[in-house]
There are 2 protein chains.
Amino acid sequence: MTGTRLDRWHGAYSRRATGMTASEIRALFAVASRPEVVSLAGGMPTLDALPLDEVGAIVRRCVEESAATALQYGSGQGDVLAQEQIADVMTTVGSDVDPDDVVVTTGSQHALDLLVRVMVDPGDVVVVESPSYVGALGVLRSYEAAVRHVATDEAGVVPDALTELVARERAAGRQVKALYVVPHHQNPSGVTTSAARRDELVDVCRRLGLLLVEDDPYALLGFDSEPLASLHSRDTDGVVYLGSFSKTFAPGLRVGWAVAPPALRAKLVLAAEASVLCPSAFSQRVVATYLRGSDWRAHVKVLRGLYRERRDALLGALARHLPDAHVTRPDGGFFTWVRLPDGLDTAAMLPRAVAARVAYVPGTAFHADGGGAAFARLSFCYPPPDRIVEGVRRLATVVAAEQELVATFGASPTGVPRVPAGDADRPATDTA
Amino acid sequence: MTGTRLDRWHGAYSRRATGMTASEIRALFAVASRPEVVSLAGGMPTLDALPLDEVGAIVRRCVEESAATALQYGSGQGDVLAQEQIADVMTTVGSDVDPDDVVVTTGSQHALDLLVRVMVDPGDVVVVESPSYVGALGVLRSYEAAVRHVATDEAGVVPDALTELVARERAAGRQVKALYVVPHHQNPSGVTTSAARRDELVDVCRRLGLLLVEDDPYALLGFDSEPLASLHSRDTDGVVYLGSFSKTFAPGLRVGWAVAPPALRAKLVLAAEASVLCPSAFSQRVVATYLRGSDWRAHVKVLRGLYRERRDALLGALARHLPDAHVTRPDGGFFTWVRLPDGLDTAAMLPRAVAARVAYVPGTAFHADGGGAAFARLSFCYPPPDRIVEGVRRLATVVAAEQELVATFGASPTGVPRVPAGDADRPATDTA
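No experiment lies behind these values; they were computed from the predicted model shown.

When chain B is fitted to chain A, the residual RMSD is 0.0 Å, and the transformation amounts to a turn of 180° plus an axial shift of 0.0 Å. Seen this way, the second copy is the image of the first under a two-fold rotation axis. Of the C-alpha atoms belonging to chain B, the one lying closest to the rotation axis is found on B:Arg60, 2.7 Å away. Comparing contact sets, 100% of the residues at the interface of chain B also lie at the interface in chain A, consistent with an isologous, same-surface contact.

If you want it as structure tokens, here you go:
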């Protein structure tokens, strides 16, 4: 697309720009917005439970009573009212932070962007879970990091595998900078890093000199239990904690945060100023006012019940319609991680799924190394239960047709039914 | 600060992080917020003229009527309603753009950040005006660009100087990627690039293969005339236009935009997704609703009158109290650029000015090469006229004392009165 003769700037782009490729997530947003498609793809939270009258009154009050600060430029590190409320939220994961330790950001994605900017030179290794969050892979790629997946099991990253991987990379002369994890209800696997494993990971990272990046947007969305104590609470100097209000309040405001050791925090603030001058004072004021004046814990409790019901609908439908698929059973968050029967290639199958009016994210999106083709992320966060069930029903039809293809024509060497070259890489919007 | 033994991550930061230094702007925000200081430093717009009842009603309506989109994740490129309104605003500078050409960003600073990210490798040269916007220098530094200042006169960048500079840099083996300009009421000099000069610059940049970056937040804030036709309107394939609602509506919402040629625009969107996933859907909806339903042109007219009055107050006070200073006479925008008598060093003098309860930005902030010490940027955007006059009165007292020092002890070799080493680099907040 960008290499045509029509582009006067072809050849002038930065090296890092060549690593930026069309995001499947972006394409899938477009698919998800069509009413006829059941999207099990997106990570959009439901807004059904949001008290709109209350939020409407809050935003109006923020204009009428606080315009001089809420509509003005603010500090690059964030507003003190937001910092205070965030410090309060951090107690829910056992972290005792001073409000001044908090850097408020334009969503937690931006916190990760700033962190990678100040920590990672091109070619530096960042270790991520296998699979890992697609948005993190995008940031890392955009700074030319060398991404390495480490083995995980049902308790999170396997410490010995981490030690071996880091030794191998260092023996090859590479700088290994950080381990990036989503420890609660991981995106995409749904796995929660256990308490014991958290202790082990903190120890291993300290020993190896790796910065531990704890991306924790789903901490409060456990269905049956309270959140575990954060990695951050176990080593405040060794862990950068990233938080978000996108899952528990509203993503449209773009408010997230980072908590980092002081010197690193100072660098994050400088990077934030270069990037956006300051986060939105208005969004921060709205979030702080909501947290201070509303019963947000009760709202989170409602969300938990809502998402639990949707998870149950998804798992029930999968058991009924796709009994041969291997499915994780998440105890919180938004996602299940599914291995389809016969190891069907989920990227190759996606265009046909979208034609059958159901969308998911193929497992390859969560791997920087081309892996994951047998897996799909199915999210249960956005459609209501009956739509989820209908989506799985449609998916099962597609899978059955795909299995028939494989039985008739055989699978390609990678387990992929033979399809025209290129199909597997095409974003869903281009093919539907 | 970050190099102490207490920082476990000292030595682990990226190379680009070492180029990020404490922003004088950030420090000055803190100074400006103290009521006893007259800040002629900040670039904060006045919010006095904002129709708060109307804006309050708009934000409430955006929640109550549009929550499903306004509080949700959106497209990485921005919301179509905002794109449409921005395309309409672009007609004021003679640019005919399709809404789909617009990338909505988290303020125009973020647009510049994304642009530098996709265009500039470490060591690549970006040419900027002399002096240039401090925030642009910060972004360029954070991507390890080699910044070169080109000579300017009362009509903008001098084309021959640009040609010579680029030839010199290329002869030295460096990639020269772009020319960055603020063509209306420049920050900090107040100079507007003339219509004839715009044609010349577009031609020279096309001939040299330089991307022209047109940062135009003050376009609508001319006191005596309508904006000139944009550089973008003269070469839509060769110019990236950056716009902002921070000066004409409200910076607290963080809404800006970029208009770029298609292939480059696609890269900006990918970079935006990696950086923040998407801009705030809520802020975009508020801005779009305001632009569509309110008489924003009338509001801008009110702002022009307000800023004209403040400029006149500043220029009048300078003529009265600092008759020996050389002062630019801006016909719009927020800033005057002042050369103090005797070439006093404005960075060295700043702590004493803040002690005398007046703040400005020293000229060195607007130079990547250490130049500008004899200059100061005085802004007239934020304090009301009587405060501006009082600020200049205080400044004159400080200048007089400084001149006496120079007369008694002599100036340092750089024209700077001898002060303890280090003082000149200290942000104002640390010294007051």
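Our next topic: the pattern of salt bridges. Considering all chains together, one arrives at 47 salt bridges over all chains under this definition. For A:Arg15, the salt bridge is made with A:Glu144, and the minimal N-O distance between the two is 2.6 Å. Here A:Glu144 lies in the loop between helix 6 (134-142) and strand 4 (146-150) and A:Arg15 lies in helix 1 (residues 15-18), a separation of 129 residues in the sequence. Because the salt bridges share partners, they merge into one network encompassing A:Arg8, B:Asp203, B:Arg206 and B:Asp235.

This part is about unusual backbone geometry. All names here are of chain B. Looking along the chain, the bond that leaves Ser 130 and enters Pro 131 is cis, with omega of 0°. Its place among the elements puts Pro 131 in the loop between strand 3 (125-129) and helix 6 (134-142). The omega angle of the peptide bond from Asn 187 to Pro 188 is 15°, so this bond is cis rather than trans. Following the sequence through the fold, Pro 188 ends up in the loop between strand 7 (176-181) and helix 8 (195-208).

This part takes up the confidence of the model for chain A. All names here are of chain A. In the predicted model, chain A carries a mean pLDDT of 91, and 91% of its residues have values of at least 70. Between residues 415-432, whose pLDDT stays under 50, and residues either more than four places distant or in other chains, the model counts 34 contacts. Reported for the predicted complex are a pTM of 0.93 and an ipTM of 0.92.

Scoring rules and cut-offs
- Residues numbered from 1 in each chain as written.
- Chains lettered and ligands numbered in written order.
- Predicted model: local features only at pLDDT ≥ 70, side-chain atom pairs only at ≥ 80, totals over all residues.
- Heavy atoms only, no water.
- Least-squares fit on C-alpha atoms with pLDDT ≥ 70 in both.
- Contact = heavy atoms within 4.5 Å.
- Salt bridge = Lys/Arg side-chain N within 4 Å of Asp/Glu carboxyl O.
- Helix = DSSP H or I, 4+ residues; strand = E, 2+ residues; numbered from the N terminus.
- pLDDT = per-residue confidence, 0-100.

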